[in-house]
2 protein chains.
Amino acid sequence: TTPLVYKMVIEDAVKLDSPTLAERDEQTKREQGVTEASHMRLRMEKFVKEQQKEIVRALEQLDGTPFQVDEWQRKEGGGGVTCVLQEGKVFEKAGVGVSVVYGTLPKPAILKMRANHKNLVDSDDAIPDSLEFFAAGLSLIAHPRNPMAPTVHLNYRYFETAKPDGSSGAWWFGGGSDLTPSYLFEEDAIQFHKSLKEVCDAHDKNYYTRFKRWCDEYFYNKHRGESRGIGGIFFDDLDETVKDKEDTFAFIQDGLKSFVPTYIPIMNRRKDMPFTDKEKEWQQLRRGKYVEFNLVHDRGTAFGLNTPGARVESILMSMPLTASWKYMHEPEPNSREARLVEVLKNPKEWV
Amino acid sequence: TTPLVYKMVIEDAVKLDSPTLAERDEQTKREQGVTEASHMRLRMEKFVKEQQKEIVRALEQLDGTPFQVDEWQRKEGGGGVTCVLQEGKVFEKAGVGVSVVYGTLPKPAILKMRANHKNLVDSDDAIPDSLEFFAAGLSLIAHPRNPMAPTVHLNYRYFETAKPDGSSGAWWFGGGSDLTPSYLFEEDAIQFHKSLKEVCDAHDKNYYTRFKRWCDEYFYNKHRGESRGIGGIFFDDLDETVKDKEDTFAFIQDGLKSFVPTYIPIMNRRKDMPFTDKEKEWQQLRRGKYVEFNLVHDRGTAFGLNTPGARVESILMSMPLTASWKYMHEPEPNSREARLVEVLKNPKEWV
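A few points on the structure. (Residues numbered from 1 in each chain as written. Chains lettered and ligands numbered in written order. Predicted model: local features only at pLDDT ≥ 70, side-chain atom pairs only at ≥ 80, totals over all residues. Heavy atoms only, no water.)

1. Re the sheet that holds strand β2 (residues 78-86) of chain B
Residues and elements named next belong to chain B.
Point 1. The strand order across the open sheet formed by 7 strands is β1-β2-β3-β4-β5-β6-β9, and the pairing between neighbours is antiparallel. Looking at strand neighbours, the two that pair on one side only are β1 (68-73) and β9 (232-238), the edges of this open sheet. Within this sheet the neighbouring strands show an average axis-to-axis angle of 10°, counted without direction.
Point 2. With 6 bridges joining them, β1 and β2 adopt antiparallel strand pairing. From the neighbouring strand, Gln73 faces β2, where its bridge partner is Gly79.
Point 3. Packing of helix α3 (residues 107-114) onto the sheet brings it into contact with β3 (91-106), β4 (130-144), β5 (151-162) and β6 (168-180), and relative to β3 it is tilted by some 105°. (Pairing = 2+ DSSP bridges. Helix = DSSP H or I, 4+ residues; strand = E, 2+ residues; numbered from the N terminus. Axes fitted to C-alpha atoms, helices over the stretch in contact; angles between N-to-C directions. Contact = heavy atoms within 4.5 Å.)

Following this line, the structure appears as structure tokens:
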């Protein structure tokens with residue numbers, strides 16, 4: 001998924017005499033820096049930017065190819081850094097993006113969000129025409145060359161709104177990570193899920209089961225009747241009704257930090273495995289289905305592409321370098337390809 | 001676009017004591033055959049099936065590779081024939097599909113359609129819970145190997161509803177054809193548009209201007225700010241408020257029949273032209289944008305993929321064999337690639 005930041009309808013910031021949230025945050029950062037005592041907006045921004053550097057470094061080291069780094073600004077406040085590695089030795093394409101967005105929610109968006117977040121406004125009688133909001137997130141996708149090596153996707157994000165008087169309104173975290181192999185190695189699936197389960201269990205014994213199911217339901221190509229991949233975790237709307245803000249931030253941090261030590265060992269096992277032209281072709285057909293999910297079903301991508309002024313190249317960094325479609329292609333019965341499809345049609349419990 | 005037949009929400013036919021439209025039409029065909037005196041449903045079905053054979057024959061002859069022919073049935077009545085040529089000598093992929101669908105429109109679809117078609121029901125007071133409908137269409141797409149040769153798309157369709165007493169309700173025709181080159185040859189664009197203008201002019205002097213603009217507006221990748229290709233014509237809802245049914249059927253026939261004599265000469269000029277790896281790569285990037293249009297913006301495809309029980313492989317026969325996405329790829333200034341993009345951003349008048 002695309003970070004939540006693209007999901008918001010951005011309107012020109014309302015001109016106010018008082019400074020905007022973006023202006024106030026800029027000033028705080030400049031004068032005081034960011035510490036553990038800072039506001040969550042600043043801590044999340046700092047954290048995802050640090051993690052972006054970590055992840056980019058790890059993937060560059062694995063691949064031996066540098067990422068292209070593009071910084072971009074939004075005129076309403078905030079901006080982002082999009083890092084893309086293209087046609088590398090190990091990866092056909094990998095993208096790691098951070099976005100930090102300050103904007104204004106129009107009334108229809110407020111009304112919609114209020115269903116899940118009671119704290120958005122003080123009372124039902126006083127729904128304002130607009131609300132300032134903040135969103136920060138990191139989004140990652142990596143498509144390896146070797147068909148034995150799995151595509152991976154990850155996204156962690158924080159969202160909050162300001163009340164009309166400038167104080168904090170609602171806040172929540174969302175995110176998750178999922179793996180999409182072209183060939184199934186149970187060992188990889190188990191390691192990936194085990195790592196996510198450990199992160200979940202350290203924070204709440206119910207998280208893994210709930211977020212694993214959520215992932216299976218979300219990353220589902222319903223026109224094909226199959227999952228996009230072998231799953232992982234997915235969650236949204238983690239707010240004070242679920243858990244304390246510090247606890248949830250700690251969970252998000254652990255989730256994001258677990259990526260490099262989980263994915264790199266999987267890649268080290270797979271990146272140099274021998275493969276045939278037929279196997280490469282199968283990978284390309286699976287990529288086609290990845291594109292179908294992202295363009296047809298993924299809410300963030302669809303919304304982003306329909307949002308005027310969105311940075312299309314950052315949204316579509318998730319596209320594979322190449323993909324393929326063949327009419328009526330079916331894997332041979334009992335083949336490794338058929339085994340993968342069977343698991344995609346009937347998601348498994350891996351741990 | 002996918003034929004209109006996929007745009008309808010299909011529900012299980014209501015069980016009636018009287019024969020369904022599908023059953024009655026089957027009986028008529030069996031007992032009386034199809035002549036110029038037959039109902040438009042039968043004439044349109046016969047016409048698109050004949051044309052499918054003609055077009056398949058012409059493309060097979062050009063390519064030297066036979067199409068795969070799949071006939072399929074719908075349990076509610078009707079069915080289709082999907083013909084696909086894959087990995088041929090001239091075409092990476094070409095699909096020619098006919099669908100004939102008998103079904104039932106649920107009330108929400110009736111309410112929506114009534115906006116454009118007053119004849120759907122007799123009076124606003126008596127909107128039934130469901131209406132039988134018929135739809136028949138031919139859909140075609142061809143993606144050549146040679147980057148100098150243009151992708152082409154075409155679709156012609158007929159739709160009608162029955163009134164609750166079994167008599168004909170509303171009817172309309174829709175369709176069009178458009179060309180998507182990776183490299184612009186003005187001569188091809190002019191020939192393609194000239195042929196369509198001649199067909200249009202023979203039936204109504206206003207058609208071409210109107211339908212050319214409609215095509216430019218519909219086949220528009222709005223997130224990219226560029227047209228899918230260099231256009232053609234597109235129209236929908238051609239009913240008795242526009243022109244007599246026979247006149248419109250004659251226009252549809254002329255449009256469909258003009259395809260082979262227009263596209264084959266263009267292909268003969270382009271299919272064996274020399275090209276470089278770079279040019280092939282550019283074609284693949286353009287294919288990526290074709291995929292984006294079809295999966296993100298095309299109403300028929302999106303609706304089809306979200307319709308339970310749709311034949312997904314027939315809908316997605318429009319996908320290219322292969323496509324590619326590169327982050328931030330921009331053609332060099334003043335290159336042939338840049339010249340194409342310029343025309344896609346500013347649609348031209350070709351005749």
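2. Some points on the sheet that holds strand β1 (residues 68-73) of chain A
Residues and elements named next belong to chain A.
Point 1. Judged by pairing direction, the sheet is antiparallel, and its 7 strands sit side by side in the order β1-β2-β3-β4-β5-β6-β9 without closing on themselves. The open sheet has two edge strands with one neighbour each: β1 and β9 (232-238). Within the sheet, the average angular offset between the axes of one strand and its neighbour, ignoring direction, is 10°.

3. Thoughts on helix α4 (residues 186-201) of chain A
Point 1. Over its 16 residues, α4(A) runs 22 Å from end to end, which matches the ideal 22 Å to within 8%, given 1.5 Å per residue.
Point 2. If you follow the buried residues of α4(A), they end up packed against β5 (151-162), β6 (168-180), α5 (207-218), β9, α6 (245-257) and α7 (259-270) of chain A. (Expected span 1.5 Å × (residues − 1).)

4. Regarding the pattern of salt bridges
Residue and element names in this part refer to chain A.
Point 1. In this structure the tally under the stated criterion is 66 salt bridges over all chains.
Point 2. Between Arg224 and Glu292 there is a salt bridge whose closest N-O contact spans 2.7 Å. With Arg224 in the loop between β7 (220-221) and β8 (226-227) and Glu292 in helix α8 (residues 277-297), this residue pair connects regions lying 68 residues apart in the sequence. Comparing Arg224 with Glu292 shows no difference in burial state: the two are buried.
Point 3. Put simply, Lys326 and Glu281 hold a salt bridge, and the shortest N to O gap is 3.1 Å. Residue Lys326 is found in the loop between β10 (322-324) and α11 (336-345), and its partner Glu281 is found in helix α8; the two are separated by 45 residues along the sequence.
Point 4. A residue is classified by how much of its surface remains accessible, and Lys326, at 15% relative accessible area, is buried. (Salt bridge = Lys/Arg side-chain N within 4 Å of Asp/Glu carboxyl O. Buried < 20%, exposed > 50% of the residue type's maximum accessible area, 1.4 Å probe, protein only.)

5. Quick notes on the packing of helix α2 (residues 40-63) of chain B against helix α7 (residues 259-270) of chain B
All names here are of chain B.
Point 1. Two elements in contact, α2 and α7, have axes separated by 11 Å at closest approach and are oriented at 10°. When the axes of α2 and α7 are compared, the pair comes out roughly parallel. Touching Ile55, Ala58, Leu59 and Leu62 of α2 are Phe259, Val260, Tyr263, Ile264, Met267 and Asn268, all from α7.
Point 2. Classifying every residue of the contact of α2 with α7 gives 9 nonpolar, 1 polar and no charged. (Parallel < 35°, antiparallel > 145°, perpendicular 65-115°, else oblique. Nonpolar A, V, L, I, M, F, W, Y, C, P; charged D, E, K, R; others polar.)

6. Describing the packing of aromatic side chains
Residues and elements named next belong to chain A.
Point 1. This structure, assessed with the given rule, holds 46 aromatic pairs over all chains.
Point 2. With centroids separated by 4.8 Å and ring planes inclined at 45°, the aromatic side chains of Tyr207 and Phe251 adopt a geometry described as tilted. Linking Tyr207 in helix α5 with Phe251 in helix α6, this pair joins segments that are 44 residues apart in sequence.
Point 3. Under the relative-accessibility criterion, Tyr207 is labelled buried at 1%.
Point 4. An aromatic cluster of at least three residues, connected via ring pairs, comprises Tyr156, Tyr207, Phe211, Trp214, Tyr218, Phe219, Phe234, Phe235, Phe251 and Phe293.
Point 5. Just above the ring of Phe185 sits the side chain of Arg270; from NZ or CZ to the centre is 3.8 Å. (Phe/Tyr/Trp six-rings, centres within 6.5 Å; stacked < 30°, edge-to-face > 60°. Lys NZ or Arg CZ within 6 Å of the ring centre and 35° of its normal.)

7. A look at unusual backbone geometry
Point 1. Of note, the phi angle at Asn334(A) is positive, near 65°, even though the residue is not glycine.
Point 2. Here Asn334(A) lies in the loop between β10 and α11.
Point 3. At Met328(B), a residue that is not glycine, the phi angle is positive and equals roughly 55°.
Point 4. Note that Met328(B) resides in the loop between β10 (322-324) and α11 (336-345).
Point 5. Here Met328(B) falls in the partly exposed class, since its relative accessible area comes to 36%.

8. Observations regarding the relation of the copies chain A and chain B
Point 1. Note on the identical chains: chain A maps onto chain B by a rotation of 180° and an axial translation of 0.1 Å, with an RMSD of 0.0 Å. These values place the two chain copies in the arrangement generated by a two-fold rotation axis.
Point 2. An overlap of 100% is found between the interface residues of chain A and their copies at the interface of chain B, pointing to a shared contact surface. (Least-squares fit on C-alpha atoms with pLDDT ≥ 70 in both.)

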